[in-house]
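Architecture and fold: a report
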Amino acid sequence: MIRKMSQNDLDAVNAIEMQAFQDPWSKQDFINELESNPYSCIYVKEINGEAVAYVDLWIAYENAEIANIAVKKEFLHQGIASELMQFCLQKIQQSKCENFTLEVRVSNTNAIKLYEKFGFQTVSKRKKYYADGEDAYLMVQL
Ligand SMILES: CC(C)(COP(=O)(O)OP(=O)(O)OC[C@H]1O[C@@H](n2cnc3c(N)ncnc32)[C@H](O)[C@@H]1OP(=O)(O)O)[C@@H](O)C(=O)NCCC(=O)NCCS
């Protein structure tokens, strides 16, 4: 089941974030998304009552963006991120967005392959986009 994230999911989502990223968002970042970002909607994939993955989709007028996506280690390579991407695409079609973009570390080949599978292409490089100095690819769904 895919459903909206609530405050009750904070610990589970934060734990996935911590194992998925070298520069993870803090729990407060997720609280800010839930409470203060009107453009954000975080969806979680739940299996047997456990939140095992999430995606943070921003929809602001005609622009949509994947702000964050991660899958719990034990559940990788089972098509869960693909399912979340498909879900986002449906939401975007319903909202009549014109642009769907995201940034990804140039070294994150797994994520780049995931996005390419859904029609995203790299259109430019954002120099030193991340705090550790790594560049990001700007990818756009064409
Ligand atoms: C990127 C990530 C979300 C993919 O999650 P996942 O559930 O394992 O992905 P899926 O099983 O749906 O696989 C989707 C596609 O991604 C690519 N992919 C995923 N893992 C891969 C791997 N280890 N090696 C090569 N390609 C991989 C493949 O193209 C795959 O498509 P296929 O199964 O048709 O070959 C997951 O690796 C993750 O949480 N990474 C850490 C967080 C992160 O980097 N998020 C992205 C930030 S921009």
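As shown above, the structure is provided for reference.
What comes next is a walk through the structure. Keep in mind that this is a model prediction, so the values were computed, not measured. (Residues numbered from 1 in each chain as written. Predicted model: local features only at pLDDT ≥ 70, side-chain atom pairs only at ≥ 80, totals over all residues. Heavy atoms only, no water.)

1. Focus on the packing of helix α3 (residues 80-95) against helix α4 (residues 109-117)
Packing of α3 against α4 brings their axes to within 10 Å, and their N-to-C directions diverge by 45 degrees. One way to sum up the angle between α3 and α4 is to call them oblique. Here α3 and α4 pass one another in a crossing that is right-handed. Residue-level contacts link Ala-81, Ser-82 and Met-85 of α3 to Leu-114, Tyr-115 and Lys-117 of α4. Within the contact of α3 with α4, the residues separate by chemical class into four nonpolar, one polar and one charged. (Axes fitted to C-alpha atoms, helices over the stretch in contact; angles between N-to-C directions. Helix = DSSP H or I, 4+ residues; strand = E, 2+ residues; numbered from the N terminus. Parallel < 35°, antiparallel > 145°, perpendicular 65-115°, else oblique. Left-handed = near helix turned anticlockwise from the far one by under 90°. Contact = heavy atoms within 4.5 Å. Nonpolar A, V, L, I, M, F, W, Y, C, P; charged D, E, K, R; others polar.)

2. Focus: the packing of aromatic side chains
Taken as a whole and judged by the stated rule, the model has seven aromatic pairs. Centroid distance Phe-100 to Phe-120: 4.8 Å. Interplanar angle 70 degrees. Geometry classified as edge-to-face. Remark: Phe-120 occurs in strand β6 (residues 120-126) and Phe-100 occurs in strand β5 (residues 99-105); sequence separation between them is 20 residues. Here the two residues Phe-100 and Phe-120 agree in accessibility, since each one is buried. (Phe/Tyr/Trp six-rings, centres within 6.5 Å; stacked < 30°, edge-to-face > 60°. Buried < 20%, exposed > 50% of the residue type's maximum accessible area, 1.4 Å probe, protein only.)

3. Remarks on the sheet that holds strand β3 (residues 50-60)
Pairing is mixed in the open sheet, where seven strands are placed in the order β1-β2-β3-β4-β5-β7-β6. Pairing within the sheet leaves two strands with one partner each, and these edge strands are β1 (2-4) and β6. Adjacent strand axes in the sheet meet at a mean angle of 30 degrees when their direction is disregarded. Sheet analysis places strand β2 (residues 40-47) next to β3, joined by eight bridges and oriented antiparallel. In the sheet register, Lys-45 faces β3, and the bridge partner there is Ala-53. Set on the sheet, α3 makes contact with β1, β2, β3, β4 (63-71), β5, β6 and β7 (136-141); between it and β3 the angle comes to about 30 degrees. The strands touched by α4 within the sheet are β4, β5, β6 and β7, with β5 carrying the most contacts at an inclination of about 165 degrees. (Pairing = 2+ DSSP bridges.)

4. Concerning the pairing of β2
Burial runs high along β2: seven of the eight residues are buried. Strand direction decides the pairing type here: β1 and β2, joined by three bridges, are antiparallel. Paired with Lys-4 across the bridge in β2 is Tyr-43. Hairpin remark: β2 followed by β3, antiparallel, with two residues in the connecting loop; positive phi at Asn-48, about 50 degrees.

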